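What follows is each chain in one-letter form.
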Amino acid sequence: MSVEFRELECFVVLSEELHFTRTAARLYTSQARVSQLLRQLEERIGARLFERNSRRVRLTPQGELFLAEVRPAFDGITAAVDRARARARGIEGTLRIGFVGTPYGTLLDLVGDFRTGHPQARADLVETALSDPFGPLLRGEIDAAFVTLPVVDPALRTGPVIAADPLVLGVSTRHAFAARAHVGAEELAACTFVDIAGPAPARWRELQSPTTTPGGRPIPHGPSAGTLQEVLSLIAADLGVLLFCAQFAGYNGRPDVAFVPVTGLAESAVTLAWRAGHETNLLRSFVAASTRLSVRAA
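Residues numbered from 1 in each chain as written. Predicted model: local features only at pLDDT ≥ 70, side-chain atom pairs only at ≥ 80, totals over all residues. Heavy atoms only, no water.

Overview of the environment of proline 133
Then step 1. On the secondary structure map, proline 133 appears in the loop between strand 4 (121–128) and helix 6 (135–138).
Then step 2. Separated by 34 residues in the primary sequence, proline 133 and phenylalanine 99 place their C-alpha atoms 7.7 Å from one another.
Then step 3. Look past the residues within four positions of proline 133 in its chain and what remains in contact with it is Val100, Thr128, Val147, Ala200 and Trp204. (Helix = DSSP H or I, 4+ residues; strand = E, 2+ residues; numbered from the N terminus. Contact = heavy atoms within 4.5 Å.)

Notes on the sheet that holds strand 12 (residues 257–263)
Then step 1. If you trace the four strands from one edge of the open sheet to the other, you get 8-12-7-11, paired in mixed fashion. Strands with a single pairing partner mark the edges of an open sheet, and in this sheet they are strand 8 (183–184) and strand 11 (242–245).
Then step 2. Inspection of the sheet shows strand 7 (residues 167–172) paired to strand 12 by five bridges, in the antiparallel sense. Within strand 12, the residue paired with valine 171 across the bridge is alanine 258.
Then step 3. Here helix 8 (residues 228–236) sits on the sheet in contact with strand 7, strand 11 and strand 12, set at roughly 125° to strand 11. (Pairing = 2+ DSSP bridges. Axes fitted to C-alpha atoms, helices over the stretch in contact; angles between N-to-C directions.)

Section: the pattern of salt bridges
Side chains carrying opposite charge are able to pair once their charged atoms draw close together.
Then step 1. Inspection of every chain in the model, using the stated rule, returns 15 salt bridges.
Then step 2. Residue aspartate 143 pairs with arginine 96 through a salt bridge whose shortest N-O separation is 3.1 Å. Here aspartate 143 is found in the loop between helix 6 and strand 5 (144–148), whereas its partner arginine 96 is found in strand 3 (residues 93–100), with 47 residues between them in sequence.
Then step 3. Arginine 96 gets classed as partly exposed once you look at its relative accessible area, which sits at 31%.
Then step 4. A salt bridge links aspartate 256 to arginine 254; the nearest nitrogen and oxygen atoms lie 2.7 Å apart. (Salt bridge = Lys/Arg side-chain N within 4 Å of Asp/Glu carboxyl O. Buried < 20%, exposed > 50% of the residue type's maximum accessible area, 1.4 Å probe, protein only.)

Comments concerning the side chain of serine 15
Then step 1. With respect to the helices and strands, serine 15 occurs in helix 1 (residues 5–17).
Then step 2. Beyond its immediate sequence surroundings of up to four residues, serine 15 is in contact with Phe50, Leu59 and Leu67.

Focus: the sheet that holds strand 3
Then step 1. A sheet is described by the order of its strands in space; here five strands give the open sequence 4-3-5-13-6, paired in mixed fashion. The outermost strands of the open sheet, each flanked by one partner alone, are strand 4 and strand 6 (156–165). On average, each strand axis in the sheet is tilted by 25° relative to the strand beside it, whichever way the strands run.
Then step 2. Alignment of strand 3 against strand 4, held across eight bridges, turns out to be parallel. Bridge pairing in strand 4 places valine 100 opposite threonine 128.

Focus on helix 1
Then step 1. In this model, helix 1 (13 residues) spans 18 Å end to end at C-alpha, consistent with the 18 Å of a helix rising 1.5 Å per residue.
Then step 2. Every buried residue belonging to helix 1 is among Glu7, Leu8, Cys10, Phe11, Val12, Val13, Leu14 and Ser15, and all of these are buried.
Then step 3. Downstream of helix 1 by a residue or two, leucine 18 has a phi angle that is positive, lying close to 50°. (Expected span 1.5 Å × (residues − 1).)

Some words on helix 5 (residues 105–117)
Then step 1. With 13 residues, helix 5 extends 18 Å between its outermost C-alpha atoms, agreeing within 8% with the 18 Å of an ideal straight helix rising 1.5 Å per residue.
Then step 2. Taken together, the buried positions of helix 5 are Gly105, Leu107, Leu110, Val111 and Phe114.

Describing the pairing of strand 3
Then step 1. For the segment spanning strand 3, helix 5 and strand 4, crossover handedness is right-handed.
Then step 2. For strand 3 and strand 5, the ladder comprises two bridges, and the chain directions are parallel. Among the inter-strand pairings, isoleucine 97 is bridged to a residue of strand 5, identified as alanine 144. (Right-handed = clockwise from strand over helix to strand, strands pointing away.)

Here you go:
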C-alpha cells in the first residue's frame, strides 16, 4: 500500500518533538489526527515506530532506522515544494538593499528574518554614499534602500517607519561639548557643522547638518564630506560636528569621537524606499516584512 505524504510528515515532526500536543500544534491539526496518521503509517509498514505511554514518547529501533532512511528524501521533497512555491509566487532571486554608513540592529534583524522566511531569496546589503543616498535607487543600481526621512522625490515610494531614534551630536573628544550630559538644540549655533556634499537633497541634508537652530539662529558650516568615514575623520580632527541617530552612535564608537544627546530636536526616522512602478513580488514581500517589523516595534 502507498504511503501518504501527510503520514510521513507526521512521523518526522513527532520524531523531532516526541510530544503529541506539540506535534499537533506544528501540523495545525488535533492530537487525535496525529494518532490516526501514525497508526496508519505503522499499519502500512507493519511495525511500531514509537513507544508511547502517559509519560514519554520515543522512537523504537525500527522507528530510528526508518527515520534515518526516510529523512533525506522527506527533506528533499519539502525543499523542492518550497522552491516551486517560491517560483510560482515570484519570491526568489536577489534583492539589493542600500544603506548609508552602518546597517544597525533593527535593519539587520529585518534582513535576517526575511532570509529565514524566504530561503529561495537573497537580500544583499549594498553601502551607498552619504552624499548620494537616493541616486543608486533612482538609477536602478539597487532595488530598495534604508533611508532617513524625509524622502521628497516623487519617483520614490516609502513604507512605514522601521526605526526611530533620538539624535546625538558627534564631536571630537577635544570639543567643549564632549563632556556634557546633553546639549540643547539652540546651542548648536555655537558649533561648526560638517557640510554634507551633494547631490543629496538639501532638505534631507538639513536633518543631520542643519543651517539654523529651531529658534532661527544661524549655524556655521565648515568642510564638506561625502561619506560617513570622512565625516568621522573630520569630527575626530575637531574640524566640525554632525548629528547622528543614537543607534548609529552605538555601532560606530571610536576613541576620538564623543556622541552627546541633543534635546529639543525631533527623532531621526528610518524607512524603506523603492522606485515607484518597479515593484516585484520579491520586493513586495520585503516591504511586507518591513511593515510587520514596524508594527511589532510600535
